[in-house]
Amino acid sequence: MAVYGYSGEILRVDLSSGKTSTMPTSDYASRFLGGRGIAAKIYWDEVSPAVGALDPDNRLLFMTGPLCGFPGLSGSRWAICGKSPATDPESFTYCNLGGSWGAHLKFAGYDGVVVHGASDKPVYILVEDGNASIFDESHLWGKGNIDTRRALKEAHRD
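The shown structure was predicted, so the numbers you read here are calculated from the model rather than taken from an experiment.

*Asks:* I tried to follow the side chain of Arg59 on my own but got confused; where do I start?
*Replies:* As for its placement among the helices and strands, Arg59 is situated in the loop between α2 (34-46) and β3 (60-64). Here the side chain of Arg59 touches Glu46 through a polar contact of 2.8 Å, side chain to side chain. A distance of 2.7 Å separates a polar side-chain atom of Arg59 from the backbone oxygen of Asp57. If sequence neighbours within four positions are ignored, Arg59 has contacts with Arg12, Tyr43, Glu46, Val47, Cys81, Gly82, Lys83, Val114, Val115 and His116.

*Asks:* When you look at the pairing of strand β4 (residues 78-84) in this model, what are you seeing that I'm missing?
*Replies:* Residues in a regular strand project their side chains so that they alternate between the two faces of the sheet. Of all the seven residues making up β4, six are buried; the element is thus mostly covered by neighbouring parts of the structure. Here β4 pairs with strand β5 (residues 91-97) via seven bridges, running antiparallel. Within β5, the position partnered with Ile80 by the bridge is Cys95. Connecting β4 to the next strand, β5, in antiparallel fashion are six residues.

*Asks:* Hey, could you run me through the nonpolar core in this one?
*Replies:* Across soluble globular proteins, nonpolar side chains show a tendency to be buried alongside one another. Counting 16 residues, the largest nonpolar core has Ile10, Tyr28, Ile38, Ile42, Leu61 and Met63 as the members making the most contacts within it. If you list the elements that add at least two residues to this core, you get α1 (26-29), α2, β3 and β4. Looking at this core, the element that brings in the most residues is α2, giving four residues. With sequence-adjacent residues up to four places away left out, Tyr28 is seen in contact with Ile10, Met23, Ile38, Lys41 and Ile42. Val13, Phe62, Leu105 and Val115 belong to the second-largest nonpolar core, a separate cluster that totals nine residues.

*Asks:* So what exactly am I meant to see when it comes to the pattern of salt bridges here?
*Replies:* Two side chains of opposite charge can pair, provided their charged atoms sit close to one another. Inspection of every chain in the model, using the stated rule, returns five salt bridges. Residue Glu46 is joined to Arg12 by a salt bridge in which the shortest nitrogen-to-oxygen separation is 2.8 Å. Residue Glu46 is located in helix α2, and its partner Arg12 is located in strand β1 (residues 9-14); the two are separated by 34 residues in the primary sequence. Judged by its relative accessible area of 14%, Arg12 falls in the buried class. Put simply, Arg157 and Glu154 hold a salt bridge, and the shortest N to O gap is 3.2 Å.

*Asks:* Explanation requested: the sheet that holds β3 in the structure shown.
*Replies:* Strand pairs in the sheet, formed through backbone hydrogen bonds, run parallel or antiparallel to each other. One open sheet accounts for six strands, arranged β2-β1-β6-β3-β4-β5; its pairing is mixed. Taken across any chain shown, the strands that pair with only one partner, and hence form the sheet edges, are β2 (19-24) and β5. Recorded for the sheet is a direction-independent mean angle of 20 degrees between the axes of neighbouring strands. Against the sheet, α2 contacts β1, β2, β3, β4, β5 and β6 (112-116), and its axis sits at roughly 150 degrees relative to β3.

Rules of the game
Residues numbered from 1 in each chain as written. Predicted model: local features only at pLDDT ≥ 70, side-chain atom pairs only at ≥ 80, totals over all residues. Heavy atoms only, no water. Helix = DSSP H or I, 4+ residues; strand = E, 2+ residues; numbered from the N terminus. Polar contact = N/O pair within 3.5 Å; in protein donor to acceptor, adjacent residues only side chain to side chain. Contact = heavy atoms within 4.5 Å. Buried < 20%, exposed > 50% of the residue type's maximum accessible area, 1.4 Å probe, protein only. Pairing = 2+ DSSP bridges. Core = buried A, V, L, I, M, F, W, Y, C linked by side-chain atoms within 4.5 Å. Salt bridge = Lys/Arg side-chain N within 4 Å of Asp/Glu carboxyl O. Axes fitted to C-alpha atoms, helices over the stretch in contact; angles between N-to-C directions.

Structural measurements only, silent on function.
Printed below as a string of structure tokens:
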């Protein structure tokens, strides 16, 4: 697609099966505004109101908008969307964030990530150059942030 400020694909991660897939951003971009709009539509279509915030059938969506990563505007906004256990009653909500993470996701080839399911063990998702992989993180469980970051950088150094 690479049109209207989008990379063209949304990454889907199923933690239950350990599989990833993609869906076209074009299915949403012309009708829903930005990452939050696209996330709301995906959520509306895929999650029943009866699903709890911590249920495997819930969705956690990390979405960028069309200006994310555009250097002329320093567009670095992105959103995390989903049903929150912190609201009473539990409801769909979002958080808007800045920084370079959203731009890096887009530069890696994805406009967003939709995560659902539950893994039997701790895992992490590596997104790099249009590819996504799920890795076992059991060996890192219990380590602090600095040690974990150092180990991940060492494991995935080019």
